[in-house]
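Residues per chain, in single letters:
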Amino acid sequence: MLVPGASSQALAAALATELGESLAAVEYDTFPDGETLASVPGFDAETATIIASTVSNDAYIELLQLQDAVREAGAEEVTTVIPYMGYARQDKAFEAGHPISARAVARAVSTTTDRVVLVNPHEDAISEFFDVPVDIVDAAGCLAKPLPELHDPLFLSPDSGAIDIANTVCDAYGEGETDYFEKKRRSGTDVEITPSKTDFDGRDVVITDDIIATGSTMSEAVAVLAKGGANRVFCATVHPLLARNARTKLSRAGIERVFGTDTIEREVSSVSVAPVLADALER
Ligand code: R5P
């Protein structure tokens, strides 16, 4: 029985179709004081697979409530799929006195599940923060699917850390070259991008990254390419978080189109990770 979190209802439905499994009835309520109540009325199954992207603090609480609710209803085996794991980028104490937030939430999730499945977490090493087995699914290849026909394609990552994503998308697309920019982050919303040496004049460029959050990284990269003579510039991201004014920043920078998956359900989620998740769950 698949149990969707509020933020992953379309993905859970797609996954249910892929797996030929049923979706549990779920209710998401909020008390007058702001506390959430996620519940599974009538749940009656021995195994439960919860699918919930933790895009907000409330989504984390809902996930913990759903894990607890299915246990309470008698589930003996619980798998938790976190298509987008919030707080994953806070995987170190970056300053004295800071928490390792990714570890804190991973420990909490581990208390009431037997297995966790993550999709392209920012760093694979965060799987070690969980106290239960973790499978990591690489959904970057899905991003090639919605791309249009490209002219002399170049797949670029905004920093060396995301080059694997560029390589995977390029392989899945079937032709093209890959490279990466140098990125210096000055603050949460201020980044400096230094162009690579690869010639992009007149070419279609796809900038690939694991996540677009504030859009600072992507919009800087898009601006460099658009000003530097690239033909069309596309963004392809596994996790289209697109917080605050990110979408506008990208448009103003000259983006042709943004492609994302449904790990975070947004208007730009043009491809589903359900097939790759189904493969991982059936293994
Ligand atoms: C960082 O290394 C990640 O791969 C992304 O580049 C980053 O999280 C994007 O954040 P933003 O959209 O806020 O620049």
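Shown above is the structure to which this text applies.
Let me sum up the structure you'll find in this document. If you're wondering where the values come from, they're calculated on a predicted model, not measured in any experiment.

Quick look at the overall build of the chain
1) Next: For the chain, the helix and strand inventory stands at seven helices and 15 strands.
2) Next: Structurally, the chain occupies a C-alpha span of about 60 × 45 × 35 Å along its principal axes.
3) Next: Buried residues in the chain amount to 51% of all 283 residues.
4) Next: Considering only residue pairs separated by 6 or more positions, the chain has 62% of its internal contacts joining residues 24 or more positions apart.
5) Next: When the accessible surface of the chain is totalled, it reaches about 12,900 Å², and 45% of it is carbon and sulfur.
6) Next: Side-chain charges in the chain split into 22 positive and 46 negative, and the spacing between the mean points of these groups amounts to 10 Å.

Topic: the side chain of Asp179
1) Next: Looking at the element boundaries, Asp179 is found in strand S9 (residues 177-180).
2) Next: Although Asp179 is buried, it makes no salt bridge; Arg203 carries the closest opposite charge, 8.1 Å away.
3) Next: There is a polar contact of 2.4 Å between the side chain of Asp179 and the side chain of Thr198.
4) Next: When sequence neighbours within four positions are dropped, the list of residues in contact with Asp179 reads Phe155, Leu156, Ser157, Ile163, Ser196, Lys197 and Thr198.

Section: the packing of aromatic side chains
1) Next: Counted according to the given criterion, the structure contains three aromatic pairs.
2) Next: Aromatic pair Tyr60 and Tyr87: ring centres 5.9 Å apart, planes at 50 degrees, arrangement tilted. Taken as a pair, Tyr60 in helix H2 (residues 57-72) and Tyr87 in the loop between strand S5 (77-82) and helix H3 (101-110) lie far apart in primary sequence, 27 residues in all.
3) Next: Accessibility expressed as a relative area gives 7% for Tyr60, which makes it buried.
4) Next: Taking 6.0 Å as the distance between ring centres and 35 degrees as the angle between the ring planes, the aromatic pair formed by Phe234 and Phe259 counts as tilted. Here Phe234, found in strand S13 (residues 233-239), pairs with Phe259, found in strand S14 (residues 257-261); they are 25 residues apart in sequence, far enough to count as distant.

Observations regarding the pattern of salt bridges
1) Next: Under the definition given, this model contains nine salt bridges.
2) Next: Put simply, Asp114 and Arg71 hold a salt bridge, and the shortest N to O gap is 3.0 Å. Linking Asp114 in the loop between H3 and strand S6 (115-119) with Arg71 in helix H2, this pair joins segments that are 43 residues apart in sequence.
3) Next: Classification of Arg71 by relative accessible area gives partly exposed; the value is 26%.
4) Next: A salt bridge links Arg203 to Asp152, with the nearest nitrogen and oxygen atoms 3.4 Å apart. Residue Arg203 is located in the loop between strand S11 (190-194) and strand S12 (205-211), and its partner Asp152 is located in the loop between strand S7 (134-137) and strand S8 (154-157); the two are separated by 51 residues in the primary sequence.
5) Next: Judged by relative accessible area, which is 8%, Arg203 ranks as buried.
6) Next: A relative accessible area of 42% places Asp152 in the partly exposed class.
7) Next: Shared partners join several salt bridges into a network, and the residues in it are Asp152, Glu177 and Arg203.

So, the side chain of Thr208
1) Next: Within the secondary structure, Thr208 sits in strand S12.
2) Next: A polar side-chain atom of Thr208 sits 3.3 Å from the main-chain amide nitrogen of Ala166.
3) Next: Sequence-distant contacts of Thr208, that is, excluding residues within four places in its chain, are made with Leu156, Ser157, Pro158, Ala162, Ile165, Ala166, Val169, Met218 and Ala236.

Calculation criteria
Residues numbered from 1 in each chain as written. Predicted model: local features only at pLDDT ≥ 70, side-chain atom pairs only at ≥ 80, totals over all residues. Heavy atoms only, no water. Helix = DSSP H or I, 4+ residues; strand = E, 2+ residues; numbered from the N terminus. Buried < 20%, exposed > 50% of the residue type's maximum accessible area, 1.4 Å probe, protein only. Contact = heavy atoms within 4.5 Å. Areas by Shrake-Rupley, 256 points an atom, 1.4 Å probe, with all protein chains shown as cover. Lys, Arg positive; Asp, Glu negative; His and termini not counted. Charge placed at Lys NZ, Arg CZ, Asp CG, Glu CD. Salt bridge = Lys/Arg side-chain N within 4 Å of Asp/Glu carboxyl O. Polar contact = N/O pair within 3.5 Å; in protein donor to acceptor, adjacent residues only side chain to side chain. Phe/Tyr/Trp six-rings, centres within 6.5 Å; stacked < 30°, edge-to-face > 60°.

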